[in-house]
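Structural characterization, general
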Amino acid sequence: MVTTRPTRLGQAIRTALCFSLVPFSLLTSQSVLAEEVVQKDSQAVETIVVTASALKVDTPAQETPKSVSVVTEQDLVNRAPQKLDEALRYTSGVAAQPYGADNDTDWIKVRGFDAATYLDGSRLFKNSYYTWLLEPYGLEKVEVLKGPASILYGEAPPGGVVNAVQKKPTDVPQGDVGVQVGNNSLRTLSLDISDYANEDGSVRYRLVGLMKENDGELNGTESRRFYLAPSLAIDISERTHLALLTSYLEDSGIPTNPFFPAAGTLTDSNFGSIDPSTNLGQPDYDKYERKQVSAGYILEHELNDEWALTQTFNYGYNELYLRSSYSFMNSDPSTDTLYQGLVFRDGKTESFSLDNNAIAKWESSRIANTVLLGLELQHHKTDGVEADNYSFGSINPFNPVYGNYTAIDESSAADRDITKQQASLYGQYQIKFDSQWIASVGGRFDWVKTDNESVSNSQRESRSDSEFSLDAGVMYISSVGLSPYVSYSQSFDVLSTIDSATGDLYKPLKGDQAEVGIKYEPSFYNGYINLALFDMTQKNALVTNPTTYVATQTGEVTSHGVEIETTGYLTDSLKLTASYTYTKAETDETSGKGTKQAALIPEHMASAWLDFDANKVGLEGWKFGSGIRYIGESKDNPKSSDLTVPSVTLVDMMASYDITKAWQAQLNVNNLFDKEYISGCDYWCYYGQSRSVVLSANYRW
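For the protein, an unreviewed UniProt entry supplies the name Iron complex outermembrane receptor protein and the organism Vibrio diazotrophicus. Per UniProt, the protein carries the Subcellular location (unreviewed entry) text "Cell outer membrane". Under the UniProt heading Sequence similarities (unreviewed entry), the entry covering the protein gives this text: "Belongs to the TonB-dependent receptor family."

Describing the overall build of the protein
Helix and strand counts for the protein stand at 4 helices and 35 strands. Here the C-alpha atoms of the protein give a radius of gyration of 26 Å, agreeing with the 27 Å that 2.2 N^0.38 yields for 701 residues. The C-alpha extent of the protein, read off along each of the three principal axes, is 75 × 55 × 55 Å. A burial count over the protein gives 54% of its 701 residues as buried. The contacts of the protein with a sequence gap of at least 6 include a subset with a gap of at least 24, amounting to 67%. Accessible area for the protein stands at about 30300 Å²; split by element, carbon and sulfur atoms hold 55% of it. With 57 positive and 91 negative side-chain charges, the protein shows a separation of 1 Å between the mean positions of the two kinds.

Considering the pattern of salt bridges
Where charged atoms from two side chains of opposite charge approach closely, those side chains can pair. Under the criterion given, the structure shown has 39 salt bridges. A salt bridge links Asp176 to Arg700; its shortest N-O distance comes to 2.6 Å. Within this pair, whereas Asp176 is found in strand 9 (residues 174-182), its partner Arg700 is found in strand 35 (residues 692-700), the two being separated by 524 residues in sequence. What makes Asp176 buried here is its relative accessible area of 9%. With relative accessibility at 31%, the residue Arg700 sits in the partly exposed group. Two residues, Lys449 and Asp451, come together in a salt bridge whose shortest N-O distance is 3.0 Å. On the basis of relative accessibility, which here comes to 35%, the residue Lys449 falls in the partly exposed class.

A word on the sheet that holds strand 3 (residues 108-110)
Taking strand neighbours across the sheet as the criterion, the 3 strands line up as 2-3-4 in an open arrangement whose pairing is antiparallel. Because the sheet does not close on itself, it has two edges, and the strands there are strand 2 (94-96) and strand 4 (113-114). As defined by bridge partners, strand 3 adjoins strand 4 across 2 bridges and the pair is classed as antiparallel. Each residue of the ladder has a partner; that of Val110, found in strand 4, is Phe113.

Concerning the side chain of Ser394
Turning to its location among the elements, Ser394 is positioned in strand 17 (residues 367-395). Take Ser394: its relative accessible area is 13%, and that puts it in the buried class. Separated by 2.6 Å, the side chains of Ser394 and Asn404 make a polar contact. Ser394 has contacts with Gln282, Thr337, Leu338, Tyr339, Gln340 and Asn404, leaving out every residue within four places of it along the chain.

Overview of unusual backbone geometry
The residue Lys56 is not glycine, and still its phi comes out positive at about 65 degrees. Residue position: Lys56 is located in the loop between helix 1 (8-20) and strand 1 (68-71). The phi angle at Ser435 is positive, at roughly 60 degrees, despite the residue not being glycine. Inspection of the secondary structure assignment puts Ser435 in the loop between strand 18 (414-433) and strand 19 (437-454).

Let's talk about the pairing of strand 23 (residues 526-544)
Bridge analysis of strand 22 (residues 509-520) against strand 23 gives 11 bridges, and the strand direction is antiparallel. In the sheet register, Lys519 faces strand 23, and the bridge partner there is Asn530. In this antiparallel pair of consecutive strands, strand 22 and strand 23, the connection spans 5 residues.

Side note on the pairing of strand 12 (residues 222-235)
The side chains of a regular strand alternate between both faces of the sheet. Across 13 bridges, strand 11 (residues 203-215) lies against strand 12 in antiparallel orientation. Residue pairing in the sheet places Val203 in a bridge with Ile234 of strand 12. In this antiparallel pair of consecutive strands, strand 11 and strand 12, the connection spans 6 residues, and Gly220 shows a positive phi of 80 degrees. In this structure, strand 12 lies alongside strand 13 (residues 240-254), joined through 12 bridges in antiparallel fashion.

Quick look at empty space enclosed by the protein
Scanning all chains against the criterion turns up 11 cavities of 30 Å³ or more. The wall of the largest cavity is formed by 34 residues, among which Gln82, Lys83, Glu86, Asn214 and Asp215 lie closest to the centre. For the lining of the largest cavity, the secondary structure elements donating two or more residues are helix 3 (84-87), strand 11, strand 12, strand 32 (663-670) and strand 35. Split by residue class, the lining of the largest cavity holds 9 nonpolar, 13 polar and 12 charged. What lines the second largest cavity is a set of 26 residues, and nearest its centre among them are Val94, Ala95, Ala96, Met605 and Ile631. When contributions to the lining of the second largest cavity are tallied by element, the ones reaching two or more residues are strand 2, strand 25 (574-587), strand 27 (604-613) and strand 28 (622-631). A breakdown of the residues in the lining of the second largest cavity according to their chemical character gives 13 nonpolar, 11 polar and 2 charged.

Some words on the sheet that holds strand 1
In spatial order, the strands read 1-7-8-5-6; together these 5 strands make up an open sheet with mixed pairing. A strand with exactly one partner marks an edge of an open sheet, and here the two such strands are strand 1 and strand 6 (122-123). Inspection of the sheet shows strand 5 (residues 116-119) paired to strand 6 by 2 bridges, in the antiparallel sense. Residue Tyr118 lies in a different strand from strand 6, and its bridge partner there is Arg123.

Some words on the side chain of Ser237
Locating Ser237 in the fold gives a position in the loop between strand 12 and strand 13. One polar contact links the side chain of Ser237 to the main-chain amide nitrogen of Thr240, over a distance of 3.2 Å.

Concerning the nonpolar core
Judged by nonpolar contacts, the single largest core of 21 residues is most densely connected at Val68, Tyr118, Leu145, Leu152, Tyr153, Val161 and Leu372. Counting only elements with at least two residues in this core, the list comes to strand 1, strand 5 and helix 4 (150-153). Beyond its immediate chain neighbours, meaning those up to four positions away, Leu145 contacts Ala54, Leu55, Lys66, Ser67, Val68, Leu152, Gly159, Gly160 and Val161. Ranked by size, the runner-up nonpolar core spans 18 residues in total, among them Leu76, Leu134, Val144 and Val162.

Observations concerning the environment of Arg239
Relative to the assigned elements, Arg239 resides in the loop between strand 12 and strand 13. For Arg239 and Asp682, which are 443 residues apart along the polypeptide, the C-alpha to C-alpha distance reads 52 Å. Of the polar contacts made by the side chain of Arg239, one reaches the side chain of Asp305; its length is 3.5 Å.

Considerations on the packing of aromatic side chains
Inspection of every chain in the model, using the stated rule, returns 26 aromatic pairs. Look at Tyr90 and Trp609: their rings are 5.4 Å apart centre to centre, the planes differ by 75 degrees, and that puts the pair in the edge-to-face class. Note that Tyr90 is positioned in the loop between helix 3 and strand 2 and Trp609 in strand 27, a separation of 519 residues in sequence. Accessibility classification places Tyr90 together with Trp609 in one group, the buried group. An angle of 35 degrees between the planes, with centres 4.7 Å apart, marks the rings of Trp622 and Tyr657 as tilted. Note that Trp622 is positioned in strand 28 and Tyr657 in strand 31 (residues 648-658), a separation of 35 residues in sequence. Residue classification places Trp622 among the partly exposed residues on the basis of a relative accessible area of 33%. With relative accessibility at 31%, the residue Tyr657 sits in the partly exposed group. Taken together through their ring pairs, the aromatic side chains of Tyr99, Trp107, Phe259, Tyr326, Phe328, Tyr390, Tyr683, Trp684 and Tyr686 make up a single cluster. Positioned over the ring face of Tyr285 is Arg323, at 4.2 Å from the centre of the ring.

About the cut-offs
- Residues numbered from 1 in each chain as written.
- Predicted model: local features only at pLDDT ≥ 70, side-chain atom pairs only at ≥ 80, totals over all residues.
- Heavy atoms only, no water.
- UniProt positions renumbered as here; feature names shortened; annotations may be inferred.
- Helix = DSSP H or I, 4+ residues; strand = E, 2+ residues; numbered from the N terminus.
- Rg over C-alpha atoms; globule rule 2.2 N^0.38 Å.
- Buried < 20%, exposed > 50% of the residue type's maximum accessible area, 1.4 Å probe, protein only.
- Contact = heavy atoms within 4.5 Å.
- Areas by Shrake-Rupley, 256 points an atom, 1.4 Å probe, with all protein chains shown as cover.
- Lys, Arg positive; Asp, Glu negative; His and termini not counted.
- Charge placed at Lys NZ, Arg CZ, Asp CG, Glu CD.
- Salt bridge = Lys/Arg side-chain N within 4 Å of Asp/Glu carboxyl O.
- Pairing = 2+ DSSP bridges.
- Polar contact = N/O pair within 3.5 Å; in protein donor to acceptor, adjacent residues only side chain to side chain.
- 1 Å grid on protein atoms, 1.4 Å probe; cavity = no way out; pocket = protein on both sides within 12 Å on 5 of 7 lines; lining within 4 Å.
- Points joined across faces, edges and corners; volume = space filled by probe spheres on them.
- Nonpolar A, V, L, I, M, F, W, Y, C, P; charged D, E, K, R; others polar.
- Core = buried A, V, L, I, M, F, W, Y, C linked by side-chain atoms within 4.5 Å.
- Phe/Tyr/Trp six-rings, centres within 6.5 Å; stacked < 30°, edge-to-face > 60°.
- Lys NZ or Arg CZ within 6 Å of the ring centre and 35° of its normal.

So, in structure tokens, the structure goes:
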């Protein structure tokens with residue numbers, strides 16, 4: 001075992017934990033000592049192997065007939081994203097920030113649809129404005145499982161799963177203290193320390209914390225964040241391991257409301273152009289506060305050489321106060337006045353999720369078998385008050401003067417209670433024949449009960465749904481590294497909102513996907529190249545009758561396309577991450593115009609990021625990174641217009657320097673040339689994020 005002397009801070013935390021861990025002393029009496037750390041040659045190049053915990057079975061992503069992309073911890077360090085959606089800018093199939101740079105919501109579209117967000121496999125429940133935000137500094141990686149995934153996670157949108165993996169205690173003690181400064185008055189102080197809580201290392205802790213302040217993209221907007229995530233890993237025995245995970249996030253500030261009219265942004269206006277930093281809300285009145293608590297555990301036990309059990313529990317609490325004003329579109333070209341609306345929400349959500357699964361693996365001379373069996377329970381509840389004011393105030397977007405509004409009476413807001421409960425049974429069988437053929441088939445049955453009640457609005461609606469979801473795939477692993485595959489998967493998405501036409505809760509949206517692809521690990525290239533062709537359909541979508549303006553669930557949204565991505569080393573010092581995505585997303589919610597391209601989703605997207613380790617060419621201490629992102633043309637909401645949003649090409653860069661073995665400085669610049677562009681239109685139009693500059697200094701041990 002390697003004995004690593006803790007820092008004074010680490011020793012103080014270790015001493016404190018020793019007093020609080022007495023109940024675990026009997027459990028850990030048979031724990032295994034930490035394995036000896038093998039020191040690797042600093043000049044060696046890592047072999048790229050990608051696994052994703054989102055699959056629930058520990059299988060290399062290159063040996064599964066599904067599309068999986070992973071943003072690694074090193075990617076997060078190199079690109080220094082400030083939000084989760086920023087971390088996915090270089091991921092194939094993902095349209096990140098289609099609604100522009102929002103400071104109180106992450107916006108992610110996968111293959112033309114929304115995606116559900118998870119933390120270590122537990123659903124982060126989203127209900128309208130009650131959303132979760134994840135701090136990228138607290139994550140060790142982000143996994144994107146593309147396409148319907150109800151077999152593994154139950155009800156969710158068809159876009160797929162974005163699973164954020166929280167930092168956990170490491171086998172080797174380490175630490176990081178950092179500061180960041182940047183434009184828009186960015187100031188950040190961060191701490192990440194992992195160490196042993198006892199002498200033999202069978203109990204380990206990690207403490208991650210961050211404080212941040214910065215201004216938003218719009219005038220008069222700002223945000224402040226406090227984040228703390230302690231965790232504990234306990235080796236109860238050689239076969240039993242427990243991870244206790246908690247996090248607390250508190251945000252406050254003035255929300256960025258990026259709603260702009262097309263006139264003056266995307267199209268010409270008689271009054272000129274609207275500056276991208278113009279705030280079309282009421283910054284002296286707008287306000288938001290968010291408090292998030294996540295607490296849970298992951299318990300793993302190996303019954304024997306074949307069977308392993310895992311239980312994951314998570315409790316989530318999210319408290320929101322939001323006053324957010326915005327402007328309406330201007331239908332009268334002879335006036336320069338926009339009228340404003342207001343969203344008010346004051347409430348909380350609570351979530352409980354418990355996932356129990358058993359995995360069996362056994363082999364014969366030619367066949368390797370894997371069975372996954374699971375039982376999952378979820379309970380989500382939103383309890384709050386709400387108000388929507390559509391005659392809040394007015395503003396001139398070309399020469400804004402604030403204060404022309406009427407504050408709402410918050411005491412008159414309507415109550416709203418929404419409860420969703422889910423019980424699920426699932427199973428999946430995978431066979432690997434002669435180390436070449438892989439086939440999997442799985443099914444899941446979900447029972448979901450949804451209640452939506454408002455006493456003040458005289459509403460009380462309930463709905464029970466039961467759904468069976470199928471998943472199947474076949475892959476062939478050839479001797480030359482080519483692995484063609486075909487797969488099929490299904491999803492369903494339970495809506496908790498009430499149909500204004502019928503007064504009942506909406507029916508679930510149902511999706512399915514057929515995918516054909518090739519995964520390639522060439523012998524001449526330390527990396528992989530993946531190609532996927534997909535065809536997705538979502539049914540029960542809303543379609544509005546252009547004559548009666550009544551919406552019914554008779555519509556269909558389709559998305560088909562191609563994704564190509566690669567990650568690998570071009571040389572020992574040069575690593576490439578690149579992708580191209582073609583997505584044809586179409587909808588018949590077009591006010592009677594037939595099937596049209598859906599809003600916000602570009603047909604073409606491409607990106608490439610190069611990491612260059614200059615140490616290996618004699619520039620001691622230096623590393624460089626540079627990326628280019630192409631966002632192709634997209635369309636406005638076809639119900640609103642046939643306007644086209646032009647394409648844009650953006651450049652990002654990074655440079656880091658190891659001042660000493662412990663001290664490091666890093667500079668990140670996104671949108672290097674400060675291009676002004678529209679990220680998308682969906683009735684409103686949204687400006688993309690302007691240039692951001694972040695200078696970091698870190699002390700690591």
